[in-house]
Amino acid sequence: GPVLAARRLRARYGGFVALDGVDLDVPAGWVTAVVGPNGAGKSTLFHCLAGTLRPVRGRVLLDGRDITRLPAHARTRLGVARSFQELAVFPSLTVAENVRVGAEQGRVGDPGAVERALALFGLAGPVRELPAAGLPTGTLRRVELARAYAGDPRVLLLDEPAAGLDTAEVTALARILRALAADGTALLVVEHDLDLVAGLADVVHVMAAGRIVASGPPDRVLEAA
Ligand code: ADP
Ligand code: ADP
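Residues numbered from 1 in each chain as written. Chains lettered and ligands numbered in written order. Predicted model: local features only at pLDDT ≥ 70, side-chain atom pairs only at ≥ 80, totals over all residues. Heavy atoms only, no water.

Q: Please clarify how the overall build of the protein should be interpreted in this entry.
A: Counting secondary structure elements, the protein contains eight helices and ten strands. For 225 residues, the compact-globule estimate of 2.2 N^0.38 gives 17 Å, and the C-alpha radius of gyration of the protein, at 17 Å, lies within 12% of that figure. The principal-axis extents of the C-alpha atoms in the protein amount to approximately 50 × 35 × 30 Å. For the protein, buried positions account for 49% of its 225 residues. For the protein, the proportion of contacts with a sequence separation of at least 24, taken over those separated by at least 6, is 67%. About 10200 Å² of surface is accessible on the protein, with carbon and sulfur atoms providing 53% of the total. In the protein, 25 side chains carry a positive charge and 24 a negative one; their mean positions are 9 Å apart. (Helix = DSSP H or I, 4+ residues; strand = E, 2+ residues; numbered from the N terminus. Rg over C-alpha atoms; globule rule 2.2 N^0.38 Å. Buried < 20%, exposed > 50% of the residue type's maximum accessible area, 1.4 Å probe, protein only. Contact = heavy atoms within 4.5 Å. Areas by Shrake-Rupley, 256 points an atom, 1.4 Å probe, with all protein chains shown as cover. Lys, Arg positive; Asp, Glu negative; His and termini not counted. Charge placed at Lys NZ, Arg CZ, Asp CG, Glu CD.)

Here is the structure:
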């Protein structure tokens, strides 16, 4: 079965229904993308999966286990890692120290995980000893992703990972994310940039008004969108 799954998720802000019965599978080895217009419910779904928003109905399953009531930090410990759309690195820590924090918050420890994450995201050189404050956006984005990956996650939830990146950086990022998926990690990407999704995702789910309204391979789904 899928690593992470949503079953009939319903979420509300007061009386407003933001998720209206969402079913989603996030399988190992695949990049799964969620796209859709502003207000469709993408962020709400993301927060329900990450554990930062409690759905009013439905379930979130990790390897078949019901984690709906587990808070975010407990999910991280079990292997649900996430990135932040607004970059959330610790500015006074170095690149390597930021990545180490991710390893400490994640699944119990493979001591090589920090070095592997630094190398994978191109951060193993002198940049590793620099404080995060003042680094360019593209580098900070890689620090953030390396931090999430250093926890040896089963599933990586990425909120608009291409935000603020130039075309070359987006291409490089897509290559790294494909490699993570090929290595067996389940990836879920919530993304506005349809060009990134087209080159990255194995399967695309289109959301509108709190529901998934279309699903399929990117060439089929994005041409209709
Ligand atoms: P997306 O990420 O696709 O832009 P969101 O999940 O952010 O969509 O929002 C879905 C709907 O829920 C939107 O109509 C939005 O205005 C509403 N919404 C989101 N967050 C809140 C909130 N904290 N309080 C009230 N309404 C919210
Ligand atoms: P995102 O781009 O991740 O969807 P937004 O810019 O839509 O984020 O929302 C930023 C913050 O504002 C979030 O915490 C969201 O919950 C909140 N928010 C979004 N829409 C509304 C709304 N209609 N009423 C109240 N809060 C909202």
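Q: Is there a simple way to explain the environment of Ala148 in this structure?
A: Here Ala148 lies in helix α5 (residues 137–149). Taking relative accessible area as the criterion, Ala148 reaches 8% and is therefore assigned buried. As a C-alpha pair, Ala148 and Thr76 span 72 residues in sequence and 9.1 Å in three-dimensional space. With near-sequence residues (within four places) excluded, Ala148 lies in contact with Ala81, Arg82, Pro153 and Leu156.

Q: Just checking my understanding: could you explain the site of ligand 1 for this structure?
A: Taken together, Tyr13, Phe16, Ala18, Pro37, Asn38, Gly39, Ala40, Gly41, Lys42, Ser43 and Thr44 are the residues near ligand 1. One of the backbone N or O atoms of Ser43 is found 2.8 Å from an oxygen atom in ligand 1. The side chain of Thr44 places a nitrogen or oxygen atom 2.6 Å from an oxygen atom of ligand 1. The protein chains hide 58% of the 560 Å² of surface that ligand 1 would expose on its own. With three residues, helix α1 (residues 42–50) is the largest single contributor of residues to the shell around ligand 1. (Near = heavy atom within 4 Å. Polar contact = N/O pair within 3.5 Å; in protein donor to acceptor, adjacent residues only side chain to side chain.)

Q: So what exactly am I meant to see when it comes to the nonpolar core here?
A: Where a protein is soluble and globular, its nonpolar side chains tend to be buried together. Formed by 45 residues in total, the largest nonpolar core has its most connected members in Phe121, Leu123, Leu156, Leu187 and Val204. When residues in this core are grouped by element, the largest group, seven residues, is from helix α6 (residues 167–182). Ignoring sequence-local partners within four residues, the contact set of Phe121 consists of Arg142, Leu145, Ala146, Tyr149, Ile176 and Leu180. Formed by 26 residues, the second largest nonpolar core is a distinct cluster that contains Ala11, Val22, Val60 and Val190. (Core = buried A, V, L, I, M, F, W, Y, C linked by side-chain atoms within 4.5 Å.)

Q: Please explain the packing of helix α3 (residues 95–105) against helix α4 (residues 113–120) as it appears in this structure.
A: The angle between the axes and the distance between the axes are what describe a pair of packed helices. Closest axis-to-axis distance for the α3/α4 pair is 9 Å, and the angle between their directions is 125°. Looking at the two axes, α3 sits oblique to α4. Judged by the twist between their axes, the crossing of α3 over α4 is right-handed. Residues Val95, Ala96, Val99, Arg100 and Ala103 of α3 pack against Val114, Ala117 and Leu118 of α4. Residues that form the contact of α3 with α4 fall into these classes: seven nonpolar, no polar and one charged. (Axes fitted to C-alpha atoms, helices over the stretch in contact; angles between N-to-C directions. Parallel < 35°, antiparallel > 145°, perpendicular 65-115°, else oblique. Left-handed = near helix turned anticlockwise from the far one by under 90°. Nonpolar A, V, L, I, M, F, W, Y, C, P; charged D, E, K, R; others polar.)

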